[in-house]
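Okay, here's what each chain looks like letter by letter:
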Amino acid sequence: MKTEASFHPVLMAGLGVTFFSFLDAVMKVITAAYPLTQAVALRYGSGTLFAVLAYLLFGDGWPKPAALRRNFLRAVIALCTAACFFTAIARLPLVEAITLTFLSPLLMALLGRLILKEPVAPRALVGILVGFAGVVVIVHGGETGAGRDFDLLGIAAALGCALFYALSMVLMRQQSAQDSIMTIVLLSNGFAFLLVMPASAWQWQPVSLSHWLMIGMAGIFGTAGNLCMAWAYARAPAGRLGIMEYSAFIWAMFFGYCIFAEIPTAWTLAGAALILAACIAATFGRARAA
């Protein structure tokens, strides 16, 4: 695995988060109109199409059997990530759902230590406790907030997404030592689509033309985001890149307000501040330790 000292991987990870934020806004519309399994199948089907096109243009030969085995597990985890996240954004305001997933960089630090043996500074452990405090604040706001019911399933789905996403990124970092960026992106999308397609067939509903156009956009955003992330995680530790996940909060507020007329509550903003502060401190603590 490569480790670059420059900020290029960090900036590329930030670009990937931007693409994923556009994907989130599109998929919030799709998940409101179609069953969950169909929404996931549409997202990965479109992603697979654009991943195949990118692979044909820039790939170097077809993936070997060993690469298929390595990437299958990560595809299952990516599928779990998508299912949890789409459930969360369908049941919660966009900014709240994304804020709850902000625990993923802290989990990346722990999983990076367990799986990749990457060092974790003591400050990161303190950051994890503060980050969980931020989640408690958001959950408490959901319990006491006026105008909507407390959605335990939506909150649990968002937290599950944080765990699966962190594991997916750490495995991407691990696989980058053996597989090319194009191979990782192609197989993660393709396997996820093949796995979810049989389940989606039972609940399939006709898709309108406008939604097909949005699904095409989702495929472009998802594939571009995957390529950016694969490039970044091939060159820098997972813990270092995790800080860029928090730029998604700005996009979530923007799309939530402009498209879905959602205004974040004071509890959500307070919890986000705690999680963001914890992760910035943990990230810079790891950088100094290194």
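Residues numbered from 1 in each chain as written. Predicted model: local features only at pLDDT ≥ 70, side-chain atom pairs only at ≥ 80, totals over all residues. Heavy atoms only, no water.

### With respect to the overall build of the chain
Using the following cut-off: Labels follow the DSSP assignment, with helices taken as runs of H or I lasting at least four residues and strands as runs of E lasting at least two, numbered in each case from the N terminus. Each residue is assigned to one of three classes by its accessible area relative to the maximum for its type, calculated with a 1.4 Å probe on protein chains only: buried under 20%, partly exposed between the two thresholds, exposed over 50%. Throughout, a residue-residue contact means that at least one pair of heavy atoms, one from each residue, lies within 4.5 Å.
A count of helical and extended segments in the chain gives twelve helices and zero strands. Moving toward the C terminus, one meets the helices and strands of the chain in the order α-α-α-α-α-α-α-α-α-α-α-α. A burial count over the chain gives 54% of its 290 residues as buried. For the chain, the proportion of contacts with a sequence separation of at least 24, taken over those separated by at least 6, is 89%.

### Quick look at a nonpolar patch on the surface
Stated precisely, the cut-off is as follows: Only residues whose relative accessible area exceeds 30% and that take part in no salt bridge are eligible for patches, with like-charged residues grouped when within 9 Å of each other and nonpolar side chains (Val, Leu, Ile, Met, Phe, Trp, Tyr) grouped when within 5 Å. Accessible areas in this description were obtained via Shrake-Rupley with a 1.4 Å probe; residue shielding takes into account the shown protein chains only. Throughout this description, the term salt bridge denotes a Lys or Arg side-chain nitrogen within 4 Å of a carboxyl oxygen of Asp or Glu.
Side chains of Met197, Trp204, Leu209, Trp212 and Leu213 sit close together on the surface and give an oily, nonpolar patch of about 540 Å² of accessible area. Here Leu213 is to be found in helix H9 (residues 209-233).

### What to know about the packing of helix H8 (residues 181-201) against H9
Put simply, the rule is: All axes are obtained by fitting lines to C-alpha atoms, using only the stretch in contact for helices, and the reported angles, taken between N-to-C directions, cover 0 to 180 degrees. Any angle from 65 to 115 degrees is called roughly perpendicular, while one under 35 is roughly parallel, one over 145 is roughly antiparallel, and all others are oblique. Should the near helix be turned counterclockwise from the far one by less than a right angle, the crossing is left-handed, whereas a clockwise turn marks it as right-handed. Each residue gets one of three labels, nonpolar for Ala, Val, Leu, Ile, Met, Phe, Trp, Tyr, Cys and Pro, charged for Asp, Glu, Lys and Arg, and polar for the others, Gly among them.
Where H8 meets H9, the closest approach of the two axes is 9 Å, and the angle between their N-to-C directions is 135°. Viewed along their axes, H8 and H9 adopt a mutual orientation that is oblique. The hand of the H8/H9 crossing is right-handed. Only Thr223, Asn226, Leu227, Ala230 and Trp231 of H9 make contact with H8, whose side of the interface consists of Ile181, Met182, Val185 and Asn189. For the contact of H8 with H9, the class distribution of residues is six nonpolar, three polar and no charged.

### Structural notes on the side chain of Ser176
Our working definition: Polar contacts, as counted here, are pairs of nitrogen or oxygen atoms within 3.5 Å of one another; within protein the pair requires one atom able to donate a hydrogen and one able to accept it, and residues that are adjacent in sequence qualify only if both atoms are side-chain atoms.
With respect to the helices and strands, the residue Ser176 is situated in the loop between helix H7 (152-175) and H8. A polar contact is formed between the side chain of Ser176 and the backbone oxygen of Arg173, at a distance of 2.6 Å.

### Remarks on the environment of Ala156
With respect to the secondary-structure elements, Ala156 resides in helix H7. Along the chain, Ala156 and Ala88 lie 68 residues apart, while their C-alpha atoms are 8.0 Å from each other.

### Some remarks on the packing of aromatic side chains
Worth spelling out the cut-off: A pair of aromatic rings is counted whenever rings of Phe, Tyr or Trp (Trp by its six-membered ring) have centres within 6.5 Å, and the orientation is called stacked for planes under 30 degrees apart, edge-to-face for over 60 and tilted otherwise. Distance and angle both matter: a charge sits over a ring if NZ of Lys or CZ of Arg is within 6 Å of the ring centre and within 35 degrees of the ring normal.
Taken as a whole and assessed by the stated rule, the structure comprises nine aromatic pairs. Seen in terms of ring centroids, Phe22 and Phe255 are 5.1 Å apart; in terms of plane orientation they differ by 75°. Their pairing is edge-to-face. Taken as a pair, Phe22 in helix H1 (residues 8-33) and Phe255 in helix H11 (residues 248-258) lie far apart in primary sequence, 233 residues in all. Directly above the ring of Tyr44 sits Arg43, whose terminal nitrogen or CZ lies 4.4 Å from the centroid.

### Digging into the pattern of salt bridges
Working definition: two side chains of opposite charge can pair if their charged atoms are close together. Summed over all chains, the structure comprises one salt bridge. Of the charged contacts in the structure, one is a salt bridge between Arg70 and Asp179, with a shortest N-O distance of 2.5 Å. Of the two residues, Arg70 is situated in helix H3 (residues 65-91) and Asp179 in the loop between H7 and H8; the sequence distance between them amounts to 109 residues. Asp179 sits in the buried class, given a relative accessible area of 9%.

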